[in-house]
2 protein chains.
Amino acid sequence: MPHTTLDAPTLTEKLVAARSASITLATANADLKNSALDAIARAVAGGADVILPANELDLANGRENGLSQALQDRLSLTEARLSALAAAVTEITALVDPVGETVRGRVLPNGIRIDQVRVPFGVVGVIYEARPNVTVDIAALALKSGNAVVLRGGSAAQNTNAVLVSLIQDALASVGLPPECVQTIDEFGRDGARELMQARGFVDVLIPRGSASLINTVVAESKVPVIETGAGVVHVFLDESANLDWSVDIVQNAKVQRPSVCNALETLLVHRGAAARVLPAVLGRLRESGVVIHADDETRALFADAVPATEDDWQTEYMSLDLAVRVVADIDEAMQHIRTYSTHHTESIITNDLTNAERFLNEVDSAAVMVNASTRFTDGGEFGFGAEVGISTQKLHARGPMGLPELTSTKWLVRGSGQVRP
Amino acid sequence: MPHTTLDAPTLTEKLVAARSASITLATANADLKNSALDAIARAVAGGADVILPANELDLANGRENGLSQALQDRLSLTEARLSALAAAVTEITALVDPVGETVRGRVLPNGIRIDQVRVPFGVVGVIYEARPNVTVDIAALALKSGNAVVLRGGSAAQNTNAVLVSLIQDALASVGLPPECVQTIDEFGRDGARELMQARGFVDVLIPRGSASLINTVVAESKVPVIETGAGVVHVFLDESANLDWSVDIVQNAKVQRPSVCNALETLLVHRGAAARVLPAVLGRLRESGVVIHADDETRALFADAVPATEDDWQTEYMSLDLAVRVVADIDEAMQHIRTYSTHHTESIITNDLTNAERFLNEVDSAAVMVNASTRFTDGGEFGFGAEVGISTQKLHARGPMGLPELTSTKWLVRGSGQVRP
């Protein structure tokens, strides 16, 4: 149900306005950007009277359209959630502004000084699903890093997003920044998402956030450069020398603490020489938490309470209390399994063997490779970034948890005194 | 004329072999990679008896197919060019290996150590035109940075490239590295280039090198992430306070020293308050070098020997002894012109006004922004990188001259002692 009227701006007009706003925002100092963030936090914390009715309308539409309970939960806002959202925005004001940071610099032999400094991308596009908290989060992160942002947030949250963006735009205007620094294109529906993916020259970077199918669609169709935040078929390998207590605690933590996130464990590999020693305790503890074990025959010989694993299990990101388990001959077979099935997010080895630890770190090709730690640590907050844009599973530009610096590009500043090239 | 036979590998088989080779190459140390480079340099320097006949065959085909004289020049190899090519490979051995470099690292409050280190991309695809020197250059740069490379080098150089790649593969095998670290797919023609652009999962990064139309095609069609090395509609702005001698020397150098390259000057902007003082000398000097001036009316009033500029001139990367010239009211109009027409490669202001210098550096959004220096300095060699993969005019991953570190990704190494997330 598009809300466009004859007077409403077209998508192209919105993108042109975003570019223009981005030029002003790129040179705004951190004090001004933090004032805007403070105003946004106040507007969100105090905006229940306009936000919650719009959210209730989206929820009513969702119930009517058969939106799943899980998606209704993610869509739903409450006074408490608004407070948490405002607090997250306030936290971003405390982060260091990445814009202007000198990455490297030197004086050339001819006396020219060159400095590579961080600059905003310009206009960032974000395509995500019906989660209104992402609207506020991403707007705040983009602003702090000096980027204008164009949001396509999913039609199921359209009314909520419209109110949130309107509040954000008022907050921007109240400190003298162009309201077009943050815009939504929800009103253009799927066509809008498609146009955004073609908007090379208007949009500098596109970030998809959400399900694997959403991300795959954007990666396949976008002509704008994409930063891919991907799925995690995450592995833990219990080596022959694995400490039993660490094995039990880390596997439990990686699988059970928050099974629905991308850094949660999906497949456990166990060295044949350790299987009898560690598997009963490791899997017994998981069983207490209600984890369903999908296992190969060797595992099932040691732990009867498991269903047979199929080829599908090695490829699946369950995001639930399910775990695939396989016994392997050695670290080579473990790494071969990981090469075949991993989505290159996070893998961890539990070992006391120095050679194997170093081999695993060097040879496994994932965004985060761990020794004796829970895979749940692959996270911008845990890494000390203060806020997280997403976790990149690709190799270009950013890999692993992305913080504010990953929302910037660089340029070279070159200061001479009449030099010419001989 | 594809060379495929029933026994020759398919393109997919070649890509699978590249991935497998890349796994070995990724953990090869610098000594081993340098041995391979030494062997390649020797093979190229001593390979005239096999390289030059193949090159002569390509040149004969080129003459028959009406290849332009300029393209024949770029295609042509000689004993002297082979020596220079070998010397360039030897120079790459002296560069620091970027693989393993720690970008940043710290110990988290819970005692976990995290380090972000450089790793090869894996498999790099390069699509370029009939320049056999690029075949050797890129193979050497890819090897040094630990990447397997798949080359699509243009059918006009197919015979030359086949011999060069064969020599390189023998050199790789002679030091114990997989020959499939360097492969050509020229035999698959245009279909091969198209398949390469679709080879997501097989190829980690695609780098197009060559004409604007080649680059635009790859950017538009590739599903593999692309690093764009683009065209340069490069500007110099002579501000009101511009030093006359610097203006004359820098404009002359930027336009005339090597007009066919992407960092050469294409459009000169002049502050109205400086035009009468500086333009006659600046343009008079260019005229001595045979430069054709395409100018607006104000310029032509001061310098009669110019042809009228049209809208096209502001958009053109001449790559020849032509220059567009325009008088502007002030730095704001100059920056507005640059925003409208620049390809975001390099722009330089000649000024003695500190405020204007800083505004230009901060507000102009290009890979390199200069004060009082020739635009010809935007170059990997000049910046001290030792070798150059190309000059990126995009904002993702790399911007400006790309050296070896720009051919790497990163990963996070995480070393714990049993930590779990609370």
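Residues numbered from 1 in each chain as written. Chains lettered and ligands numbered in written order. Predicted model: local features only at pLDDT ≥ 70, side-chain atom pairs only at ≥ 80, totals over all residues. Heavy atoms only, no water.

Some details on the nonpolar core
Formed by 54 residues in total, the largest nonpolar core has its most connected members in L143, L151, L172 and V182 of chain B. Among the elements that line this core, the one with the most residues is helix 6 (residues 132-144) of chain B, at 8 residues. Each residue touching L143 of chain B, except ones within four places of it in the same chain, is listed here: L25, K33, L37, I40, L172, C181 and V182 of chain B. In this structure, V44, V126, L151 and V182 of chain A belong to the second largest nonpolar core, which totals 52 residues. (Core = buried A, V, L, I, M, F, W, Y, C linked by side-chain atoms within 4.5 Å. Buried < 20%, exposed > 50% of the residue type's maximum accessible area, 1.4 Å probe, protein only. Helix = DSSP H or I, 4+ residues; strand = E, 2+ residues; numbered from the N terminus. Contact = heavy atoms within 4.5 Å.)

Some words on the environment of A220 of chain A
Residues and elements named next belong to chain A. By secondary structure assignment, the location of A220 is in helix 9 (residues 212-221). Since its relative accessible area comes to 34%, A220 is described here as partly exposed. For the pair formed by A220 and M197, sequence separation is 23 residues and the distance between their alpha carbons is 9.8 Å.

A few points about the relation of the copies chain A and chain B
Laying chain A over chain B is done by rotating through 180° and shifting 0.0 Å along the axis; what remains is an RMSD of 0.0 Å. Here the symmetry operator amounts to a two-fold rotation axis. For chain A, the smallest separation between a C-alpha atom and the rotation axis is recorded for H397 of chain A, amounting to 1.8 Å. Same-surface contact between copies: 100% of interface residues of chain A are shared with the interface of chain B. (Least-squares fit on C-alpha atoms with pLDDT ≥ 70 in both.)

Observations concerning the UniProt feature "domain: Aldehyde dehydrogenase" (unreviewed entry) in chain A
Mapped onto this numbering, the UniProt entry gives "domain: Aldehyde dehydrogenase" (unreviewed entry) at residues 100-291 of chain A. Annotated as residues 100-291 of chain A, this span is 42% helix and 23% strand, and its ends, taken at the C-alpha atoms, are 48 Å apart. (UniProt positions renumbered as here; feature names shortened; annotations may be inferred.)

Brief notes about unusual backbone geometry
Even without glycine at this site, H344 of chain A takes up a positive phi of about 65°. Position of H344 of chain A among the secondary structure elements: in the loop between helix 14 (331-341) and strand 12 (346-350). In the Ramachandran plot, N372 of chain B falls in the positive-phi region, its phi being about 55° despite a non-glycine side chain. Looking at the element boundaries, N372 of chain B is found in strand 13 (residues 368-373). Residue classification places N372 of chain B among the buried positions, given a relative accessible area of 6%.

Examining the packing of aromatic side chains
Tallied over the entire structure, the rule returns 6 aromatic pairs over all chains. Ring centres 5.9 Å apart and planes at 50° place the aromatic pair F385 of chain A and W412 of chain B in the tilted group. In this pair, F385 of chain A sits in the loop between strand 13 (368-373) and strand 14 (390-392) while W412 of chain B sits in strand 16 (residues 408-419), so the two residues belong to two different chains. Residue classification places W412 of chain B among the buried residues on the basis of a relative accessible area of 2%. Every member of this aromatic cluster is reached through a ring pair, and the members are F383 and F385 of chain A together with W412 of chain B. (Phe/Tyr/Trp six-rings, centres within 6.5 Å; stacked < 30°, edge-to-face > 60°.)

Details of the pattern of salt bridges
One pass over the full model with this rule turns up 46 salt bridges over all chains. For E266 of chain A, the salt bridge goes to K255 of chain A, with nearest N and O atoms at 3.2 Å. One end of the pair, E266 of chain A, is in strand 8 (residues 265-271); the other, K255 of chain A, is in helix 10 (residues 244-256), with 11 residues separating them in the sequence. Each member of the pair E266 of chain A and K255 of chain A is classed as buried. One salt bridge in this structure joins R63 of chain B and E56 of chain B, with 2.8 Å as the shortest N-O distance. Judged by its relative accessible area of 47%, R63 of chain B is partly exposed. Residue classification places E56 of chain B among the partly exposed residues on the basis of a relative accessible area of 40%. Each member of the salt-bridge network shares a partner with another, and the members are R19 and D204 of chain A together with D365, K395 and R399 of chain B. (Salt bridge = Lys/Arg side-chain N within 4 Å of Asp/Glu carboxyl O.)

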